[in-house]
Amino acid sequence: MQKTVTIDVPRDCGECPIRHRAVCARCESDELTRLEEIKYYRSYEAGQTIVWSGDRMEFVGSVVKGVASLTQTMEDGRTQMVGLLLPSDFVGRPGRESAAYDVVATSDLVMCCFRKKPFEDMMIRTPHIAQRLLEMTLDELDAAREWMLVLGRKTAREKIASLLSIIARRDATLNLAGVDGPLEFDVPLTREAMADYLGLTLETVSRQVNALKRDGVIDLVGKRHVIVPDFDRLSEEAGDDSDGGMLS
């Protein structure tokens, strides 16, 4: 059952932690006021389904806190995680009536939602929103193409390092921080979810995470909190450069 968030959510858009990356990033104050009229918050517990594939979408919105997975279910019942939604990522597709994938909260999650039809109408009248959504869509396309390489050509160690570097970069960006010094962040996925997403076994994920720790590439506090002493080193392990692009 969906819940309405009543605490720990910034009601003022100016205080929103994803404001500089979200679909409303370029909106002027009058445009934000119009968005406020169609905005509401929802929270989901870890494991809760946000929307099922094929369901009619009554809203679109952005992840404010937490992480969700995009999952495709095949006819024989097998499922495959095909994407992750991190803070500031957009959920839903203007112009499409139904959801293309199951969207499931992998951690406790908060979403800033907009009623779908008013949002679609506002896109027509507000170029700032349409332009930002186009940028986000192209970024998502680039990320999907990069992830095809991760899954298809990289070793197990490189896959783990790639996932950690993606999470580290996003965390640094959301906190308006660089990647020059040591980085600390919480991995929002269990090792079982990491294995599913990367196409690896649970044993392989655990072995490679421990190997990265043993080699000093990362440090762990508990099972989820990761410290990266040198982001360039992590990027090298992933086969990337420090900006996230692929090494030539």
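Rules used in this analysis
Residues numbered from 1 in each chain as written. Predicted model: local features only at pLDDT ≥ 70, side-chain atom pairs only at ≥ 80, totals over all residues. Heavy atoms only, no water. Helix = DSSP H or I, 4+ residues; strand = E, 2+ residues; numbered from the N terminus. Buried < 20%, exposed > 50% of the residue type's maximum accessible area, 1.4 Å probe, protein only. Pairing = 2+ DSSP bridges. Axes fitted to C-alpha atoms, helices over the stretch in contact; angles between N-to-C directions. 1 Å grid on protein atoms, 1.4 Å probe; cavity = no way out; pocket = protein on both sides within 12 Å on 5 of 7 lines; lining within 4 Å. Points joined across faces, edges and corners; volume = space filled by probe spheres on them. Nonpolar A, V, L, I, M, F, W, Y, C, P; charged D, E, K, R; others polar.

1. Some points on the environment of Leu-138
Right, on to step 1. Within the fold, Leu-138 resides in helix α3 (residues 127-153).
Right, on to step 2. Since its relative accessible area comes to 44%, Leu-138 is described here as partly exposed.
Right, on to step 3. On a C-alpha basis, the gap between Leu-138 and Ile-124 in space is 19 Å, while along the polypeptide they are 14 residues apart.

2. Some remarks on the sheet that holds strand β9 (residues 183-186)
Right, on to step 1. Overall, antiparallel pairing links the three strands, which are arranged β9-β11-β10 in an open sheet. In this open sheet, the two strands that pair with only one neighbour each are β9 and β10 (219-221). Averaged over all pairs of adjacent strands, the angle between strand axes in this sheet comes to 25 degrees, irrespective of strand direction.

3. What about the pairing of strand β11 (residues 225-228)?
Right, on to step 1. The alternating pattern of β11 places Val-226 and Val-228 on a buried face and His-225 and Ile-227 on a face that is not buried.
Right, on to step 2. Examined bridge by bridge, β9 and β11 share four bridges and lie antiparallel to one another. From the neighbouring strand, Glu-184 faces β11, where its bridge partner is Ile-227.
Right, on to step 3. Bridge analysis of β10 against β11 gives three bridges, and the strand direction is antiparallel. Within β11, the residue paired with Asp-219 across the bridge is Ile-227.
Right, on to step 4. Hairpin geometry of β10 and β11 is characterised by an intervening segment of three residues between the two adjacent antiparallel strands and by a positive phi of about 75 degrees at Gly-222.

4. What to know about the layout of surface pockets
Right, on to step 1. In this structure, the largest pocket encloses a volume near 1700 Å³.
Right, on to step 2. Leu-84, Leu-85, Asp-89, Glu-140 and Ala-143 are the residues nearest the centre of the largest pocket, which is lined by 47 residues in total.
Right, on to step 3. Elements with a minimum of two residues in the lining of the largest pocket: β5 (79-85), β6 (90-91), α3 and α4 (156-174).
Right, on to step 4. The biggest single contributor to the lining of the largest pocket is α3, with 14 residues.
Right, on to step 5. Class assignment of the residues belonging to the lining of the largest pocket gives a composition of 27 nonpolar, eight polar and twelve charged.

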